[in-house]
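# Structure at a glance
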Amino acid sequence: FFFVFLLFNMQSVSVLILLAALVACAFGACVSPPSDLNVCPLPAGASIPQEYANTNADRELQSYFNFLEGIKATPTKKCAEAYIAFACSRAYPKCVGDANSGLGLAENTCYYLCSDFTEECRGQLVGVERPNCGQFSVSEDCTGRKLKIASSGASSLSAGFMLAAFAALVALL
């Protein structure tokens, strides 16, 4: 009786492990990023983990800058660039993994992006908390989405201008 009980439990555990592996494969693949990103345009050939393949973060950034423009609290160009690069790197990380299995892992955001953001944006972004930069990667293999806003003589930019600049940048790429 004990042997039958043990055999049945082993089969149950095997089935659970198989199901967990299938779920990991379904949500762990490297895929192309969404094509309709406005604030976080990624280069051709970029790949991100499947669970990040949506436009939610991009739309949230766009809405946030519209909010800042609405309350007349737009940040400086350097702050906007630093925040967008940091936020896009967290929202759309590089996908690394085993090409044979198809599994992909999100690569950690680069420390320097967090550091640049905290230095450039002191007190400029309403409602955005200062991150703990110690949790981000200092290795060369990290996600660093360096996005630039087209240059302008003004010290601050409106959200509409930033979005137009990004659209122009995407069109040129």
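Residues numbered from 1 in each chain as written. Predicted model: local features only at pLDDT ≥ 70, side-chain atom pairs only at ≥ 80, totals over all residues. Heavy atoms only, no water.

## Notes on the pattern of salt bridges
Applying the stated rule across the entire model yields 3 salt bridges. Note that Asp36 is salt-bridged to Arg59, the shortest N-O span being 4.0 Å. Linking Asp36 in the loop between β1 (30–31) and β2 (48–49) with Arg59 in helix α2 (residues 56–70), this pair joins segments that are 23 residues apart in sequence. (Salt bridge = Lys/Arg side-chain N within 4 Å of Asp/Glu carboxyl O. Helix = DSSP H or I, 4+ residues; strand = E, 2+ residues; numbered from the N terminus.)

## Considering the confidence of the model for the protein
Taken residue by residue, the protein gives an average pLDDT of 76. The fraction at 70 or more is 64%. Within the protein, α2 carries the highest mean pLDDT (96), whereas helix α5 (residues 159–172) carries the lowest (40). Predicted confidence for residues 13–27 stays below pLDDT 50, and this span has 5 contacts to residues more than four positions away or in other chains. A low-confidence stretch, residues 150–173 (pLDDT under 50), is modelled with 41 contacts involving residues beyond four sequence positions or located in other chains. (pLDDT = per-residue confidence, 0-100. Contact = heavy atoms within 4.5 Å.)

## Overview of the nonpolar core
Across soluble globular proteins, nonpolar side chains show a tendency to be buried alongside one another. Counting 30 residues, the largest nonpolar core has Leu61, Phe65, Tyr83, Tyr92, Phe117 and Leu125 as its most contacted members. At the level of elements, α2, α3 (77–91) and α4 (111–120) are the ones that each hand at least two residues to this core. The element that contributes the greatest number of residues to this core is α3, accounting for 10 residues. If sequence neighbours within four positions are ignored, Tyr83 has contacts with Leu61, Tyr64, Phe65, Phe117, Cys121, Leu125 and Val128. (Core = buried A, V, L, I, M, F, W, Y, C linked by side-chain atoms within 4.5 Å. Buried < 20%, exposed > 50% of the residue type's maximum accessible area, 1.4 Å probe, protein only.)

## Considerations on the packing of aromatic side chains
This model, assessed by the stated rule, comprises 7 aromatic pairs. The interplanar angle of 70 degrees and the centroid separation of 5.9 Å between the aromatic rings of Tyr64 and Phe65 together place this pair among those described as edge-to-face. Phe65 shares its class with Tyr64; the two are buried. The interplanar angle of 10 degrees and the centroid separation of 5.3 Å between the aromatic rings of Phe86 and Phe117 together place this pair among those described as stacked. (Phe/Tyr/Trp six-rings, centres within 6.5 Å; stacked < 30°, edge-to-face > 60°.)

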